[in-house]
Amino acid sequence: MVCLVSRTGRQSQRYNKGRRQVVGCIPYRLKISSDGTISDEFEVLVISSQKGHALMFPKGGWELDESVEEAASRESIEEAGVVGNVEKQLGKWDFLSKSRGTVYEGLMFPLLVKEELELWPEQHLRRRIWMKVDEAREACRDWWMN
């Protein structure tokens, strides 16, 4: 069962040396052709920003009551409506929030998608688009997601 309400507010989020910790996933799957065969080519899922102008991977604040993997999984459910296996951390980056003008610490994980939900918390705020890895690299607005 999936909760259909996104967490909001920053009072329960983690900070490291004054920097908000943001956790995200790169949801991926093996490409399925029109005849139903599975190829060895990967596709990744990108989502639109809440305002709809940019494409990105699901990400958000890491809450105090969850592990980093739980936070990554939660963000993928809330923002992209996908459930899967969170894999080994890809890295950690410091980045400047364009909307807030502050430096955040970002942690990203691959997420092997097992299920695409029909209903998810932010489905009315975001679009989700499967694309090839090189297309996503070009489409994502933030350098640290590339």
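Heads up: the structure comes first, above all this text.
This write-up is about the structure you can find in this document.

What counts and how
- Residues numbered from 1 in each chain as written.
- Predicted model: local features only at pLDDT ≥ 70, side-chain atom pairs only at ≥ 80, totals over all residues.
- Heavy atoms only, no water.
- Helix = DSSP H or I, 4+ residues; strand = E, 2+ residues; numbered from the N terminus.
- Buried < 20%, exposed > 50% of the residue type's maximum accessible area, 1.4 Å probe, protein only.
- Areas by Shrake-Rupley, 256 points an atom, 1.4 Å probe, with all protein chains shown as cover.
- Polar contact = N/O pair within 3.5 Å; in protein donor to acceptor, adjacent residues only side chain to side chain.
- Contact = heavy atoms within 4.5 Å.
- Patch = residues over 30% accessible without salt bridge, like charges linked within 9 Å, V, L, I, M, F, W, Y side chains within 5 Å.
- Salt bridge = Lys/Arg side-chain N within 4 Å of Asp/Glu carboxyl O.
- Expected span 1.5 Å × (residues − 1).
- Lys, Arg positive; Asp, Glu negative; His and termini not counted.
- Charge placed at Lys NZ, Arg CZ, Asp CG, Glu CD.

### What about the overall build of the protein?
Piece 1. Looking only at helices and strands, the protein features two helices and nine strands.
Piece 2. Ordered by position from N to C terminus, the α and β elements of the protein give β-β-β-β-β-α-β-β-β-β-α.
Piece 3. Taking all 146 residues of the protein together, the buried fraction comes to 46%.
Piece 4. On the protein, roughly 8,400 Å² of surface is accessible, and the fraction owed to carbon and sulfur atoms is 51%.

### Describing the side chain of Arg-126
Piece 1. Checked against the element boundaries, Arg-126 lands in the loop between strand S8 (103-116) and strand S9 (128-132).
Piece 2. At a separation of 2.9 Å, a polar atom in the side chain of Arg-126 contacts the main-chain carbonyl oxygen of Ser-48.
Piece 3. Apart from the residues within four sequence positions on either side, Arg-126 is in contact with Ile-47, Ser-48, Ser-49, Gln-50, Met-56, Glu-79 and Trp-120.

### Observations concerning a nonpolar patch on the surface
Piece 1. Together, Leu-30, Ile-32, Ile-38, Phe-42 and Val-133 make up a nonpolar patch on the protein surface, roughly 440 Å² of accessible area in all.
Piece 2. Put simply, the parts of the chain that give the nonpolar patch at least two residues each are strand S2 (19-32) and strand S3 (38-48).
Piece 3. Within the fold, Ile-38 resides in strand S3.
Piece 4. For Ile-38, a relative accessible area of 59% puts it in the exposed group.

### Some points on helix H1 (residues 68-80)
Piece 1. Compared with the 18 Å implied by 1.5 Å per residue over 13 residues, the 18 Å span of H1 between its first and last C-alpha is a close match.
Piece 2. Among the 13 residues in H1, eleven count as buried, and that is most of the element.
Piece 3. What H1 keeps buried is the set Val-68, Ala-71, Ala-72, Ser-73, Arg-74, Glu-75, Ser-76, Ile-77, Glu-78, Glu-79 and Ala-80.
Piece 4. Elements in contact with the buried residues of H1: S2, S3, strand S5 (59-61), strand S6 (82-86), S8 and S9.
Piece 5. Looking one or two places after H1, you find Gly-81, whose phi comes out positive at around 70°.

### Describing the side chain of Glu-75
Piece 1. Structurally, Glu-75 is set in helix H1.
Piece 2. Classification of Glu-75 by relative accessible area gives buried; the value is 5%.
Piece 3. In terms of polar contacts, Glu-75 uses its side chain to reach the side chain of Arg-74, at 2.8 Å.
Piece 4. Every residue in contact with Glu-75, bar those within four places of it in the chain, is listed here: Val-23, Pro-58, Lys-59, Gly-60, Gly-61 and Ala-80.

### Section: the environment of Gly-24
Piece 1. Looking at the element boundaries, Gly-24 is found in strand S2.
Piece 2. Spatially, the C-alpha atoms of Gly-24 and Pro-110 are 8.6 Å apart, while their sequence positions differ by 86 residues.
Piece 3. Discounting chain neighbours no more than four positions away, the residues touching Gly-24 are Pro-58, Lys-59, Ala-72, Leu-107, Met-108 and Phe-109.

### Regarding a negative patch on the surface
Piece 1. A cluster of acidic residues, Asp-40, Glu-41, Asp-134, Glu-135 and Glu-138, forms a negative patch on the protein surface.
Piece 2. Counting residues per element, the ones that place at least two in the negative patch are S3 and helix H2 (133-139).
Piece 3. The greatest single-element share of the negative patch, amounting to three residues, is contributed by H2.
Piece 4. Note on placement: Glu-138 falls in helix H2.
Piece 5. For Glu-138, a relative accessible area of 69% corresponds to the exposed category.

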